[in-house]
Number of protein chains: 2
Amino acid sequence: MMTDKHVHILQVAEALFADKGFDGTSVRDIAGQAGVNLAMISYYFGSKEKLMAALVEYRSNYTRGLLEELNKDESLTPWDKIDRLIDLYVDKILNNYKFHCIMTTHLPTIQSGDIKAMITDIKAKNYEEVKKIIQEGQKKKVFRKVDIELSVGSVMGTITHTTLSKSLYCRLLNIDCNDDELYRKKMIPKIKTHLKQLLRAHLDIKNQE
Amino acid sequence: MMTDKHVHILQVAEALFADKGFDGTSVRDIAGQAGVNLAMISYYFGSKEKLMAALVEYRSNYTRGLLEELNKDESLTPWDKIDRLIDLYVDKILNNYKFHCIMTTHLPTIQSGDIKAMITDIKAKNYEEVKKIIQEGQKKKVFRKVDIELSVGSVMGTITHTTLSKSLYCRLLNIDCNDDELYRKKMIPKIKTHLKQLLRAHLDIKNQE
DNA sequence: TTAACTTAAACAAACGTTTAATTAAAGAAA
DNA sequence: TTTCTTTAATTAAACGTTTGTTTAAGTTAA
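Below is a summary of the structure that appears in this document. (Residues numbered from 1 in each chain as written. Chains lettered and ligands numbered in written order. Predicted model: local features only at pLDDT ≥ 70, side-chain atom pairs only at ≥ 80, totals over all residues. Heavy atoms only, no water.)

## Observations concerning the protein's contact with DNA strand C
Thinking step 1. The local shell around DNA strand C holds 16 residues, among which Lys5(A), Tyr44(A), Val27(B), Arg28(B) and Lys48(B) are the closest.
Thinking step 2. When atoms of DNA strand C within 4 Å of the protein are sorted by moiety, sugar and phosphate together comprise 49%.
Thinking step 3. In the model, a phosphate oxygen of DNA strand C is placed 3.3 Å from a nitrogen or oxygen of the Tyr43(A) side chain.
Thinking step 4. One of the side-chain N or O atoms of Arg28(B) is found 2.7 Å from a base nitrogen in DNA strand C. (Near = heavy atom within 4 Å. Polar contact = N/O pair within 3.5 Å; in protein donor to acceptor, adjacent residues only side chain to side chain.)

## Let's talk about the relation of the copies chain A and chain B
Thinking step 1. With an RMSD of 0.1 Å, the fit of chain A onto chain B corresponds to turning through 180° and sliding 0.0 Å along the axis. Here the two chains are linked by the operation of a two-fold rotation axis. Using C-alpha coordinates, one finds that chain A approaches the rotation axis most closely at Gly157(A), a distance of 2.0 Å.
Thinking step 2. Residue by residue, 100% of the interface of chain A is reproduced at the interface of chain B, so both copies engage with the same surface. (Least-squares fit on C-alpha atoms with pLDDT ≥ 70 in both. Contact = heavy atoms within 4.5 Å.)

## A short note on the environment of Lys166(A)
All names here are of chain A.
Thinking step 1. One can find Lys 166 in helix α9 (residues 166–173).
Thinking step 2. Under the relative-accessibility criterion, Lys 166 is labelled buried at 13%.
Thinking step 3. Those residues in contact with Lys 166 that lie beyond four places of it in its chain are Tyr 97, Cys 177, Asp 180 and Tyr 183. (Helix = DSSP H or I, 4+ residues; strand = E, 2+ residues; numbered from the N terminus. Buried < 20%, exposed > 50% of the residue type's maximum accessible area, 1.4 Å probe, protein only.)

## Examining the environment of Gly157(A)
Thinking step 1. Its location among the elements puts Gly157(A) in helix α8 (residues 148–164).
Thinking step 2. Taking the C-alpha atoms as reference points, Gly157(A) and Met187(A), separated by 30 residues in sequence, lie 15 Å from one another.
Thinking step 3. Non-local contacts of Gly157(A), meaning those with residues more than four positions away in its chain, are made with Gly157(B), Thr158(B) and His161(B).

## What to know about α8(A)
Residues and elements named next belong to chain A.
Thinking step 1. Spanning 17 residues, α8 covers 24 Å between terminal C-alpha atoms, matching the ideal 24 Å at 1.5 Å per step.
Thinking step 2. Within α8, 17 of the 17 residues are buried, leaving the element largely enclosed by the surrounding structure.
Thinking step 3. Measuring from the backbone nitrogen of Glu 149 back to the side-chain oxygen at the start of α8 gives 3.3 Å, which picks out Asp 147 as the cap. (Expected span 1.5 Å × (residues − 1).)

## Considerations on the protein's contact with DNA strand D
Thinking step 1. Neighbouring DNA strand D are 16 residues, the closest being Val27(A), Arg28(A), Lys48(A), Lys5(B) and Tyr44(B).
Thinking step 2. Counting only atoms of DNA strand D within 4 Å of the protein, the fraction found in sugar and phosphate groups is 49%.
Thinking step 3. Arg28(A) is positioned such that a nitrogen or oxygen atom in its side chain is 2.7 Å from a base nitrogen of DNA strand D.
Thinking step 4. Between DNA strand D and Lys48(A) there is a distance of 2.6 Å, counted from a phosphate oxygen to a side-chain nitrogen or oxygen.
Thinking step 5. When residues of the surface near DNA strand D are traced back to their parent elements, those giving at least two are α2 (27–34) and α3 (38–45) of chain A together with α3 (38–45) of chain B.
Thinking step 6. The residue inventory of the surface near DNA strand D, partitioned by class, reads seven nonpolar, five polar and four charged. (Nonpolar A, V, L, I, M, F, W, Y, C, P; charged D, E, K, R; others polar.)

## Quick look at the interface of chain A and chain B
Thinking step 1. Contacts between chain A and chain B engage 51 residues on the former and 51 residues on the latter.
Thinking step 2. Where chain A abuts chain B, roughly 4200 Å² becomes buried across the two surfaces, and 60% of that area is made up of carbon and sulfur atoms.
Thinking step 3. Summed over the shared surface of chain A and chain B, the number is six salt bridges.
Thinking step 4. With its nearest N and O atoms 2.9 Å apart, the salt bridge here joins Asp121(B) to Arg171(A).
Thinking step 5. Looking at the side of chain A that touches chain B, the elements that each hand over two or more residues are α1 (4–20), α6 (97–106), α7 (113–139), α8, α9 and α10 (180–203) of chain A.
Thinking step 6. Considering every element that reaches the side of chain A that touches chain B, the biggest residue donor is α8(A), with 11 residues.
Thinking step 7. Across the side of chain A that touches chain B, the residue classes break down as 16 nonpolar, 21 polar and 14 charged. (Buried area = accessible area lost by both parts, 1.4 Å probe. Salt bridge = Lys/Arg side-chain N within 4 Å of Asp/Glu carboxyl O.)

## Let's talk about the pattern of salt bridges
Any two side chains of opposite charge can pair if their charged atoms end up close together.
Residues and elements named next belong to chain A.
Thinking step 1. Scanning the model with the defined rule gives 30 salt bridges over all chains in all.
Thinking step 2. For Asp 180, the salt bridge is made with Lys 166, and the minimal N-O distance between the two is 2.5 Å. Of this pair, Asp 180 sits in helix α10 while Lys 166 sits in helix α9, and the two are 14 residues apart along the sequence.
Thinking step 3. By relative accessible area, which is 24% here, Asp 180 ends up partly exposed.
Thinking step 4. Several salt bridges converge on common partners, so that one network encompasses Asp 87, Asp 91, Lys 192 and Lys 196.

## Points about unusual backbone geometry
Thinking step 1. In this model, Asn174(A) sits at a positive phi of 55°, which is unusual for a non-glycine residue.
Thinking step 2. Looking at the element boundaries, Asn174(A) is found in the loop between α9 and α10.
Thinking step 3. Take Asn174(A): its relative accessible area is 73%, and that puts it in the exposed class.
Thinking step 4. In this model, Lys141(B) sits at a positive phi of 60°, which is unusual for a non-glycine residue.
Thinking step 5. Note on placement: Lys141(B) falls in the loop between α7 (113–139) and α8 (148–164).
Thinking step 6. Among the residues examined, Lys141(B) registers a relative accessible area of 64% and is labelled exposed.

## As for the packing of aromatic side chains
The description of an aromatic ring pair rests on the distance of the ring centres and on the angle between the ring planes.
Thinking step 1. As enumerated under the stated definition, the model contains eight aromatic pairs over all chains in all.
Thinking step 2. Their ring planes at 70° and their centres at 4.8 Å tell us that Trp79(A) and Phe143(A) sit as a pair that is edge-to-face. Of this pair, Trp79(A) sits in helix α5 (residues 78–95) while Phe143(A) sits in the loop between α7 and α8, and the two are 64 residues apart along the sequence. Phe143(A) carries the same exposure label as Trp79(A), and that label is buried.
Thinking step 3. Between Tyr44(B) and Phe45(B), the ring centres sit 6.2 Å apart and the planes meet at 90°, which makes this aromatic pair edge-to-face.
Thinking step 4. Among the aromatic residues, ring-to-ring pairing joins Tyr43(A), Tyr44(A) and Phe45(A) into one connected group.
Thinking step 5. Against the face of Trp79(A) rests Arg200(A), its NZ or CZ located 5.4 Å from the ring centre.
Thinking step 6. The positively charged end of Lys166(B) is found above the aromatic ring belonging to Tyr183(B), 5.6 Å away from the centroid. (Phe/Tyr/Trp six-rings, centres within 6.5 Å; stacked < 30°, edge-to-face > 60°. Lys NZ or Arg CZ within 6 Å of the ring centre and 35° of its normal.)

Here it is, written out as structure tokens:
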């Protein structure tokens, strides 16, 4: 059972893991910052690794639902779906960038194969949903032939890059690196515009060569 | 002074950091795998963090030289330069992906501000070189107006994504995840083709809307 | 009264670093 | 070359912390 206290601990752990990494965060850090006794973490989750697994599961159930919903909507054109897809991912990642940092950067360092397989599963399933959108566009002769795996990779990679190289973009755009709110406010529309322009050129069947 | 032994330790540390992260790798691990005494790491580099700084410097001097050389070559058209740029980065990152993993994923977890600033500096300088290429193409009316920062980000992000989500791509392409050689052999041409197609559509002034 | 929750304290193991003793190498004087 | 001296390189052992986890006693709520 997941009480409010469980969730609170997960949220604190999330912020710490994102900031200092899995190994760089001690169970004492988490307990201290969450205001609970040290032993509660083991009592609640079993171990530090299982806490991580619980965090991943807690955060990952949400996205797939949104993707499946988007795919089912038959009133949308393929171009509409691409635009919504970009909006969805940019918002999701930049607004939960702490969790996203963990998923992309810190999880590979975890030695537990179980958790790694779990993540790959989640990514693969989300990828399949996006693939359907592109294939539908190709079937309707709106999109041209492209490398689907890497087209998805370019979208994900671009967004990830803006979270991983945040300090670089802050410097390029003259933003104070500690002002998260401002960074999101400036970057979210910028990334959306760029990705939509990029994919419009990339997918348009009129740009066939 | 950098002896062969220094370099050997750096290479061992690089592989371990890439695999298990900075905090996840102990100085004892490094010493053991490198076949040197534990105390030698402190004796040679001063501390674990300074070893990391030495590693970054050792690996980073190379790339900028290549970029500057590419930019000076006036016999190349902007499209040629884009193609060479992609070849350069894809080869560089996939062939040194261990180091690249450290740069992108593990370094943000290091608490030392000095090293972080060092990395941001390196990235910013490399970015400036790429920016010059795109601006030259725009000046010659070959490239259209695009978001330069994020266009570079899409290239870097795509390549990074293939190293960070290696296990996902292995599954999608039915490759044994442990066979690094095969992964590189299949992915390098695949990424190059995709990125060249992507940028051709993205940058071409004829696709102006 | 029973079960779930919470705690302070203790556990052994692993951590990065330092110490002090020893060996190897290099240079100068014989 | 040989011997002596000085510096550098290397080592095993120990340092004091911090790590994740467990224990056993205590509290709360049903």
